[in-house]
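Secondary and tertiary structure notes
What follows is the residue order along each chain.
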Amino acid sequence: AKAQIGERICYYEPGMDEIARARRQLANDLRLAVERDELVLLYQPQCQLRSGQLSGYEALVRWHHPLHGLVSPAEFIPIAEESGAILQIGEWVLAQACREAATWHSHHRVAVNVSPVQLVQQDLAPMVGRVLTETGLSASRLELEITESAIITDKVRALNNLRQLKELGVAIAMDDFGTGYSSLDTLHSFPFDKIKIDKSFLLESDQNEQARAIIRAVLALGSSLRIPVLAEGVETASQFELLISEGCEEAQGYFLGRPDRAPSLKSESPDTVPE
Ligand code: C2E
Ligand code: CA
Ligand code: CA
Ligand code: CA
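Residues numbered from 1 in each chain as written. Chains lettered and ligands numbered in written order. Predicted model: local features only at pLDDT ≥ 70, side-chain atom pairs only at ≥ 80, totals over all residues. Heavy atoms only, no water.

This paragraph deals with empty space enclosed by the protein. Enumeration according to the criterion identifies one cavity of 30 Å³ or more in this entry. Around the largest cavity sit Gly90, Leu94, Val112, Asn113, Val114, Gln118, Leu124, Met127, Val128 and Leu144, which together line it. Only helix H3 (86-103), strand E6 (109-113) and helix H5 (124-135) provide two or more residues apiece to the lining of the largest cavity. The biggest single contributor to the lining of the largest cavity is H5, with three residues. By residue class, the composition of the lining of the largest cavity is seven nonpolar, three polar and no charged. (1 Å grid on protein atoms, 1.4 Å probe; cavity = no way out; pocket = protein on both sides within 12 Å on 5 of 7 lines; lining within 4 Å. Points joined across faces, edges and corners; volume = space filled by probe spheres on them. Helix = DSSP H or I, 4+ residues; strand = E, 2+ residues; numbered from the N terminus. Nonpolar A, V, L, I, M, F, W, Y, C, P; charged D, E, K, R; others polar.)

Next up, the structure:
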């Protein structure tokens, strides 16, 4: 449909207004979500493939919206990044993950996602340092997962922040490896502690020889750079076996465990169940 407003011609799509309005409303609600205590973290296990041992958990945020119910981070993180609310949300996520991990009986690592928007903020490393002090979590138990898009936006500042974070003793993982533009250049610019192969390759590996070839190539790259590789999106036994036979170090996925409540809230043995 075509509507004439003054001298401008607007191509009007029924529903577009609604979508834009809903997005603005969501951005407003997001600003309040932290204050209203509507965000929660789930934790997904990450396992060592050779020993079969649990090595840590990735914290994944969820939003319990008062009207829309559970909103996926894939939906609200991009909106939060656009509106700037991600800074407040990101700090809450970090503090909450560190606070919870400090209470776990086990001393497993916790991996926290850091938005590209956060990674170019000047005060990122001091903020992380403050959270570690306040929560009492040892820096060696924290891993930050970053994607390379921040390094493309403002390389100098992003790399500077990453160096400061490493000085704190925090580990840095490159997330979603294989989906960006300059992965190899980024790997060359900074000593990452881990490479996470994007789940899209694993998910296609059963039918697609190309995807298997890419997984092998990333594992070879990690091994020659001496950077351990974690494969995400392991859903089936055959994908799990492929990773073991190819010598992948770590894995994460529904086959090993779905994102779930904080490990400390689950009883580890029947003896500890409070009656
Ligand atoms: P991601 O960092 O790549 O996280 C992995 C996503 O894959 C998670 O989705 C996880 O639930 C899902 N996943 C795990 N195992 C499997 C599997 O076997 N099969 C399939 N198909 N999917 C699997 P989730 O929790 O919906 O998060 C989506 C994205 O939202 C994350 O992708 C991350 O980019 C972002 N995100 C989540 N939490 C945070 C956060 O606290 N801060 C920031 N900045 N981003 C976050
Ligand atoms: Ca991640
Ligand atoms: Ca990922
Ligand atoms: Ca992703």
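Okay, back to it.
Okay, the coordination of the calcium ion (ligand 4) next. Surrounding the calcium ion (ligand 4) are the protein donor atoms Asp176 (OD) and Asp176 (OD), at 2.7 to 3.0 Å. With respect to the helices, strands and loops of the structure, aspartate 176 is situated in strand E8 (residues 171-177). (Donors = N, O, S within 2.8 Å, 3.2 Å for Na, K, Ca; no water.)

Counting 73 residues, the largest nonpolar core has Leu142, Leu144 and Leu162 as the members making the most contacts within it. For this core, the leading source of residues is H3, giving nine residues. Non-local contacts of leucine 142, meaning those with residues more than four positions away in its chain, are made with Leu94, Cys98, Arg109, Val110, Val112, Val128, Leu132, Leu137, Val170 and Ala171. (Core = buried A, V, L, I, M, F, W, Y, C linked by side-chain atoms within 4.5 Å. Buried < 20%, exposed > 50% of the residue type's maximum accessible area, 1.4 Å probe, protein only. Contact = heavy atoms within 4.5 Å.)

Before going further, it helps to spend a moment on the packing of aromatic side chains. According to the stated counting rule, one finds five aromatic pairs in the structure shown. Each ring, one from tyrosine 43 and one from tryptophan 104, has its centre 5.3 Å from the other, and the planes form 85°; the classification is edge-to-face. Of the two residues, tyrosine 43 sits in strand E3 (residues 39-48) while tryptophan 104 sits in the loop between H3 and E6, which places them 61 residues apart along the sequence. Per residue, the accessibility class of tyrosine 43 equals that of tryptophan 104, and both read buried. Between tryptophan 63 and phenylalanine 76, the aromatic rings sit 5.5 Å apart at their centres with planes inclined by 75°, giving edge-to-face as the arrangement. One end of the pair, tryptophan 63, is in strand E4 (residues 54-65); the other, phenylalanine 76, is in helix H2 (residues 73-83), with 13 residues separating them in the sequence. On the accessibility criterion, tryptophan 63 (0% relative accessible area) is buried. (Phe/Tyr/Trp six-rings, centres within 6.5 Å; stacked < 30°, edge-to-face > 60°.)

Compared with an ideal rise of 1.5 Å per residue, which puts 17 residues at 24 Å, helix H10 (residues 209-225) spans 24 Å between its outermost C-alpha atoms and is within 8% of the ideal. Three or more residues of H10 are buried, namely Ala211, Ile215, Val218, Leu219 and Gly222. With its buried residues spanning 100° around the axis, H10 presents them on a single face. Looking at H10, the residues exposed on the side facing more than 90 degrees away from the buried face are Gln210, Ser223 and Ser224. Contacts from the buried residues of H10 go to E8, strand E9 (194-197), helix H9 (199-204), strand E10 (229-232) and helix H11 (237-245). In this structure asparagine 208 caps H10, since a side-chain oxygen of it lies 2.8 Å from the backbone nitrogen of glutamine 210. Two residues or fewer past H10, arginine 226 is found with a positive phi of approximately 60°. (Expected span 1.5 Å × (residues − 1). Arc of directions from axis to C-beta. Polar contact = N/O pair within 3.5 Å; in protein donor to acceptor, adjacent residues only side chain to side chain.)

Bringing the site of ligand 1 into the picture now. If you check the shell around ligand 1, you find 21 residues, and the closest are Gln44, Arg62, Lys199, Glu235 and Tyr254. Asparagine 113 is positioned with one of its side-chain polar atoms (N or O) 3.1 Å from an oxygen atom of ligand 1. Within the side chain of aspartate 175, a nitrogen or oxygen atom sits 3.2 Å from an oxygen atom of ligand 1. Relative to its free-state accessible area of 790 Å², ligand 1 is covered by the protein chains to the extent of 84%. According to the grid-proximity analysis, the pocket containing ligand 1 is the largest pocket. Of all the secondary structure elements, the ones that give two or more residues to the shell around ligand 1 are E4, H2, E8 and H9. Considering every element that reaches the shell around ligand 1, the biggest residue donor is E4, with four residues. Among the residues making up the shell around ligand 1, the classes are represented as nine nonpolar, five polar and seven charged. (Near = heavy atom within 4 Å. Areas by Shrake-Rupley, 256 points an atom, 1.4 Å probe, with all protein chains shown as cover. Sits in = over half its atoms within 2 Å of the grid points.)

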